[in-house]
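Analysis of the macromolecular model
As a plain string of letters, each chain reads:
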Amino acid sequence: METQDLILIGSGGCMRELLWQIEEWNKKKAMWNPIGYVDKHPCQSGTSSDLLVGNTCCPYLGDDDYLLARQQETNVAISVGESWLRKKIAEKLKCNPNIKFPNLIMDDARICPDIRMGQGCIISMGCRISTNVTLGDFVFLNMNSLVCHDGKIGEYTTLSPDVTVAGQVEIGRQCDIGMGTKIIQGITVGDSVIAGAGSVIVKNVDAGCTVVGVPAKRIKHN
């Protein structure tokens, strides 16, 4: 597979970490060529909006209008951690049929060949996905996340670093699962749930809740 051009959306930590991961991936086998990034509020370093991450300089290309005006097929990665914002950006950019959302699976991620995955997913360094797992569109698995057998993760959901999802767990759409959270076997997590860092989820969680603690308890309805 020849190297393909890629435009990243965002300029925060999520985007910069993804750019670094792509740089590391390309050291082994060149796969993606990040030609620049798009953001409504670009980074400013002196007089330039270009970003330097590791040994890679990523030029600033413009805001969303730059992508909406693209006339040629363009690969885009929505590299923002917030699930609601990833959804907002994706729905806007889908108006341009020339924009494609490839799945980015980092070189050292280990995934079973029988998983099913939508478009625009990002699977970061150190992630492991076991057998018969389904990921919806624009799911983001941050570094070292683990999803065990028969799991289902809804579209736009984010797993922060070091999340562990046991077997037969179903997580709904547009959830934000905090760093180090653990979800035990067979649990169902509803749509739009926020789980605080380090939570241990041992019973089903209703849609629209924020849960924290060990064991996780609801503290509010979002």
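My aim in this report is to walk through the structure given alongside it, one point at a time.

Calculation rules
Residues numbered from 1 in each chain as written. Predicted model: local features only at pLDDT ≥ 70, side-chain atom pairs only at ≥ 80, totals over all residues. Heavy atoms only, no water. Helix = DSSP H or I, 4+ residues; strand = E, 2+ residues; numbered from the N terminus. Expected span 1.5 Å × (residues − 1). Buried < 20%, exposed > 50% of the residue type's maximum accessible area, 1.4 Å probe, protein only. Core = buried A, V, L, I, M, F, W, Y, C linked by side-chain atoms within 4.5 Å. Contact = heavy atoms within 4.5 Å. Polar contact = N/O pair within 3.5 Å; in protein donor to acceptor, adjacent residues only side chain to side chain. Pairing = 2+ DSSP bridges. Axes fitted to C-alpha atoms, helices over the stretch in contact; angles between N-to-C directions. Salt bridge = Lys/Arg side-chain N within 4 Å of Asp/Glu carboxyl O. Disulfide = S-S within 2.5 Å. Phe/Tyr/Trp six-rings, centres within 6.5 Å; stacked < 30°, edge-to-face > 60°.

Moving on, we get to helix 1 (residues 13-28). Compared with the 22 Å implied by 1.5 Å per residue over 16 residues, the 24 Å span of helix 1 between its first and last C-alpha is a close match. C14, M15, L18, L19, Q21, I22, E23 and W25 are the residues of helix 1 that are buried.

Core analysis: the biggest nonpolar cluster contains 29 residues, and L159 and I171 have the highest contact counts within it. Not counting the four nearest positions on each side in its chain, I171 is found in contact with K152, I153, G154, T157, L159, V165, I183 and V189. Counting residues in each nonpolar core, the second largest holds 21 residues, with C14, L104, M125 and F140 among its members.

Along the polypeptide, E82 turns up in the loop between strand 6 (74-78) and helix 3 (83-93). You can call E82 partly exposed: its relative accessible area is 41%. Expressed as a C-alpha distance, the spacing of E82 and T157, which sit 75 residues apart in the sequence, is 8.7 Å.

Turning to its location among the elements, S11 is positioned in the loop between strand 1 (4-9) and helix 1. Overall, the relative accessible area of 10% leaves S11 in the buried class. Reaching out from S11, the side chain makes a polar contact with the side chain of D39 at a distance of 2.9 Å. Not counting the four nearest positions on each side in its chain, S11 is found in contact with R16, Y37, D39, H41, P42, C43 and L51.

Taken in spatial order, the 5 strands line up as 5-2-1-6-7 in an open sheet, and their pairing is parallel. Lying at the two open borders of the sheet, with one neighbouring strand each, are strand 5 (60-62) and strand 7 (99-100). Bridge count for strand 6 against strand 7 is 2 bridges, and the pairing is parallel. Paired with N75 across the strands is K100, a residue of strand 7. Across the sheet, helix 3 is in contact with strand 1, strand 6 and strand 7; its angle to strand 6 comes to roughly 160 degrees.

With that settled, the discussion passes to the pattern of salt bridges. Under the defined criterion, the tally for this structure stands at 4 salt bridges. Between K27 and E24 there is a salt bridge, with the nearest N and O atoms lying 2.8 Å from each other. Note that K27 and E24 are positioned in helix 1 at a spacing of 3 residues, about one turn of the helix. A residue is classified by how much of its surface remains accessible, and E24, at 26% relative accessible area, is partly exposed. Between D64 and K92 there is a salt bridge, and its shortest N-O distance comes to 3.4 Å. Of this pair, D64 sits in helix 2 (residues 64-68) while K92 sits in helix 3; the two residues are 28 residues apart in sequence, bridging distant segments of the chain. Classification of K92 by relative accessible area gives partly exposed; the value is 39%.

Turning our attention to the state of the cysteines. Any covalent bond linking the sulfur atoms of two cysteines counts as a disulfide. Taken as a whole and judged by the stated rule, the model has 0 disulfides. Free cysteine C112: the closest other cysteine sulfur is in C148, separated by 12 Å. Residue classification places C112 among the partly exposed positions, given a relative accessible area of 23%.

As a further point, take the packing of aromatic side chains. Counted according to the given criterion, the structure contains 3 aromatic pairs. Aromatic side chains F101 and F138 sit 5.1 Å apart centroid to centroid with 75 degrees between the ring planes, which places their arrangement in the edge-to-face category. Of the two residues, F101 sits in the loop between strand 7 and strand 8 (104-105) while F138 sits in the loop between strand 13 (134-135) and strand 14 (140-141), which places them 37 residues apart along the sequence. Taking relative accessible area as the criterion, F138 reaches 1% and is therefore assigned buried. One aromatic cluster in this structure is built from F101, F138 and Y156.

For the rest of this paragraph, the subject is the environment of C121. The residue C121 is located in the loop between strand 10 (116-117) and strand 11 (122-123) in this model. Since its relative accessible area comes to 0%, C121 is described here as buried. For the pair C121 and P102, spaced 19 residues apart in sequence, the C-alpha separation works out to 7.3 Å. Apart from residues no more than four positions distant in its own chain, C121 is found in contact with P102, N103, L104, L135, G136, D137, F138 and V139.

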